[in-house]
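# Chain and residue survey
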Amino acid sequence: MDAGNSKTDVAVVAADGSVLATARGGGFQPPVVGVRQAVDRLAEAVDRAFAAAGVSSVGHVSACLANADLPVEERQLTEALHARAWGTTVEVRNDTFAILRAGVEEPRGVAVVCGAGINCVGMRPDGRVARFPALGRVSGDWGGGSGLAEEALWHAARAEDGRGPATELARALPAHFALPTMYALIEALHLREIDEVRRHELAPVLFATAAAGDPVARALVDRLADEVVTMAVVALTRLDLLDEEAPVLLGGGVLAARHPQLDDRVRELLAERAPKAVPRVVTARPVLGSALLGLDHVAAPARAHARVREFYDRA
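Here's what I pulled together on the structure shown here. Worth saying up front: this structure is predicted, and the values here are computed from it rather than measured. (Residues numbered from 1 in each chain as written. Predicted model: local features only at pLDDT ≥ 70, side-chain atom pairs only at ≥ 80, totals over all residues. Heavy atoms only, no water.)

### Overview of the sheet that holds strand 7 (residues 118-123)
Spatially, 8-7-6-9-10 is the arrangement adopted by the 5 strands of the open sheet, whose pairing is mixed. A single partner strand is all that each edge strand has here, and the edge strands are strand 8 (129-131) and strand 10 (277-281). Strand-to-strand, the axes of this sheet are offset by a mean angle of 15°, without reference to chain direction. One ladder, built from 5 bridges, connects strand 9 (residues 246-251) with strand 10; its direction is parallel. Each residue of the ladder has a partner; that of Val248, found in strand 10, is Pro279. Packing of helix 9 (residues 215-238) onto the sheet brings it into contact with strand 6 (109-114), strand 7, strand 8, strand 9 and strand 10, and relative to strand 7 it is tilted by some 25°. (Pairing = 2+ DSSP bridges. Helix = DSSP H or I, 4+ residues; strand = E, 2+ residues; numbered from the N terminus. Axes fitted to C-alpha atoms, helices over the stretch in contact; angles between N-to-C directions. Contact = heavy atoms within 4.5 Å.)

### Some remarks on helix 9
Counted at 1.5 Å a residue, the expected span for helix 9 with its 24 residues is 34 Å, and the 35 Å between its end C-alpha atoms agrees. Measuring from the side-chain oxygen of the N-cap residue of helix 9 to the backbone nitrogen of Val216 gives 3.3 Å; that N-cap residue is Asp214. Positive backbone phi, at 55°, marks Asp240, one or two positions downstream of helix 9. (Expected span 1.5 Å × (residues − 1). Polar contact = N/O pair within 3.5 Å; in protein donor to acceptor, adjacent residues only side chain to side chain.)

### Observations regarding the packing of helix 12 (residues 286-297) against helix 13 (residues 302-314)
Packing of helix 12 against helix 13 leaves a shortest axis separation of 10 Å and a crossing angle of 165°. Our classification of the angle between helix 12 and helix 13 gives roughly antiparallel. The two elements helix 12 and helix 13 cross, and the hand of that crossing is right-handed. Contacts between helix 12 and helix 13 involve Val287, Leu288, Ala291, Leu292, Leu295 and Asp296 from the first element and Ala304, His305, Val308, Arg309 and Tyr312 from the second. (Parallel < 35°, antiparallel > 145°, perpendicular 65-115°, else oblique. Left-handed = near helix turned anticlockwise from the far one by under 90°.)

### Details of the sheet that holds strand 4 (residues 58-65)
Here we have 5 strands laid out as an open sheet, ordered 3-2-1-4-5, and mixed in their pairing. The sheet terminates laterally at strand 3 (19-25) and strand 5 (87-94), the two strands that pair on one side only. With 2 bridges connecting them, strand 1 (residues 2-3) and strand 4 associate as parallel partners. Counted as the bridge partner of Ala3 is Leu65 from strand 4. Against the sheet, helix 2 (residues 35-53) makes contact with strand 1, strand 2 (8-13), strand 3 and strand 4, and its axis sits at roughly 155° relative to strand 3, the strand it touches most.

### Examining helix 11 (residues 260-273)
The end-to-end C-alpha distance of helix 11, which contains 14 residues, comes to 20 Å, matching closely the 20 Å that a straight helix rising 1.5 Å per residue would cover. Residues of helix 11 that are buried: Gln261, Leu262, Asp263, Val266, Leu269 and Leu270. Where helix 11 is buried, its residues meet helix 8 (202-211), helix 9, strand 9, helix 10 (253-256) and strand 10. (Buried < 20%, exposed > 50% of the residue type's maximum accessible area, 1.4 Å probe, protein only.)

Spelled out as structure tokens, the structure:
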């Protein structure tokens, strides 16, 4: 299974790589609703997938879950899933590992995911991994759609009242919500007249403003590229992959959109700092990565990996 903040994908896969059934469910947010209720929501999709496959349990559960950011959280979630008796064995990983495994033929390389937040993981076939806490500013993170929206609002507010340089963001951000000024947008956000979750809509506005040539917006996009490459290089270094050809997978809504400035700058910086890295955007569904990790766990043959990949290539 691959469970993100907004949706969950479940697949029942045979040891030969045949996909017996799939199901989709709601988001997985244990920090918001608690572990038990979050796993209850997973159960809805699991039950439907099991029924469609004609099984009541499986040999192994491979679960790549959002909000499993620390090893202690992975252990807690492993216990919670094991208690459901869905499988004889259970392995929980952060969902960034699903993006990584979906994009490589063997568990080797680094993935940077930039969606609502930003995260990076790396792995080698010998089991070594590199990862970051990815808990926001408290763990040193900068970027992601939410972070970009906050930065854009900050610069636009200061531009409107004169504390910062002029930027087209001061017009474009409130205009997105049909408001005349940044003051009006600030007031609407503060009074919750605009739902908090809608702030993520401002990241595409930032990219459009940057594409039109606004210097402030362009500087923010360049900063994000620097953060993406910094995380990738640190992970490559930790895994002793910096001096050999290794894939760097780019995933998540922000990176998968392939905004020209961001995409070009990431590749330019990688060429400077990790010349042997091979950047590649991953568009495959992350549940494929979770299925491949499951097949890795049971030492399935290469043809099983190819079969499940072919299924998702057609999906």
